[in-house]
Amino acid sequence: MPRPMKWRKVCSMPENTSFGPMDSDQREDVVIMTVDEYETIRLIDLVGFTQEECAKHMNVARTTVQGIYTSARHKLAQSLVNGVILRIEGGEYRLCDKDEIQCGPGCHKRRQRRGGTVNF
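The sections below set out a description of the structure shown in this document. All figures in this text were calculated on a predicted structure; none of them were measured in a lab.

**Quick look at the side chain of Thr-40**
- Along the polypeptide, Thr-40 turns up in helix H1 (residues 35-47).
- When its relative accessible area of 0% is taken as the criterion, Thr-40 is described as buried.
- Setting aside chain neighbours within four positions, we find Thr-40 in contact with Asp-45, Cys-54, Met-58, Val-65, Ile-68, Tyr-69 and Ala-72.

Structure (structure tokens):
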């Protein structure tokens, strides 16, 4: 019997889910990045977490984060280098509850919006 899937914790859905070249009207090639892959890119490259911190935040093993991150970077490279549309959808994740104690500084939901700006 296979081991049950451990869901990856994601703080929020991406605001934009499709990216690509500006002349993409005629393009049919699409690379699909999962929401959990997006979350590793956000946490490691934008927020500045280590893979260990990212793993703790997403409630998975560091080796799992390493695999997710490698896959996400490969998909980003495909999109940028080959001019392929990148779409973010699907994956094995669950959204965090904004009141979760273990949800740390990388969580979008912990930010308070005041006057149209995001304060950290």
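**Some remarks on the pattern of salt bridges**
- Here the structure, examined in full by the defined rule, presents 5 salt bridges.
- One network of salt bridges, with partners in common, ties together Arg-8, Asp-36 and Glu-92.

**Comments concerning the pairing of strand S4 (residues 85-88)**
- For strand S2 (residues 18-19) and S4, the ladder comprises 2 bridges, and the chain directions are antiparallel. Among the inter-strand pairings, Phe-19 is bridged to a residue of S4, identified as Leu-86.
- Here strand S3 (residues 30-33) runs beside S4; their pairing, made up of 4 bridges, is parallel. Across the sheet, Val-30 pairs through a bridge with Ile-85, a residue of S4.

**Observations regarding the sheet that holds S4**
- Here we have 3 strands laid out as an open sheet, ordered S2-S4-S3, and mixed in their pairing. Either end of the sheet is taken by a strand with one partner, and the two such strands are S2 and S3.
- On the sheet, H1 packs against S3 and S4 and is oriented at approximately 75° with respect to S3.
- Strands S3 and S4 of the sheet are contacted by helix H3 (residues 62-82), whose axis makes an angle of about 155° with S3.

Rules used in this analysis
Residues numbered from 1 in each chain as written. Predicted model: local features only at pLDDT ≥ 70, side-chain atom pairs only at ≥ 80, totals over all residues. Heavy atoms only, no water. Helix = DSSP H or I, 4+ residues; strand = E, 2+ residues; numbered from the N terminus. Buried < 20%, exposed > 50% of the residue type's maximum accessible area, 1.4 Å probe, protein only. Contact = heavy atoms within 4.5 Å. Salt bridge = Lys/Arg side-chain N within 4 Å of Asp/Glu carboxyl O. Pairing = 2+ DSSP bridges. Axes fitted to C-alpha atoms, helices over the stretch in contact; angles between N-to-C directions.

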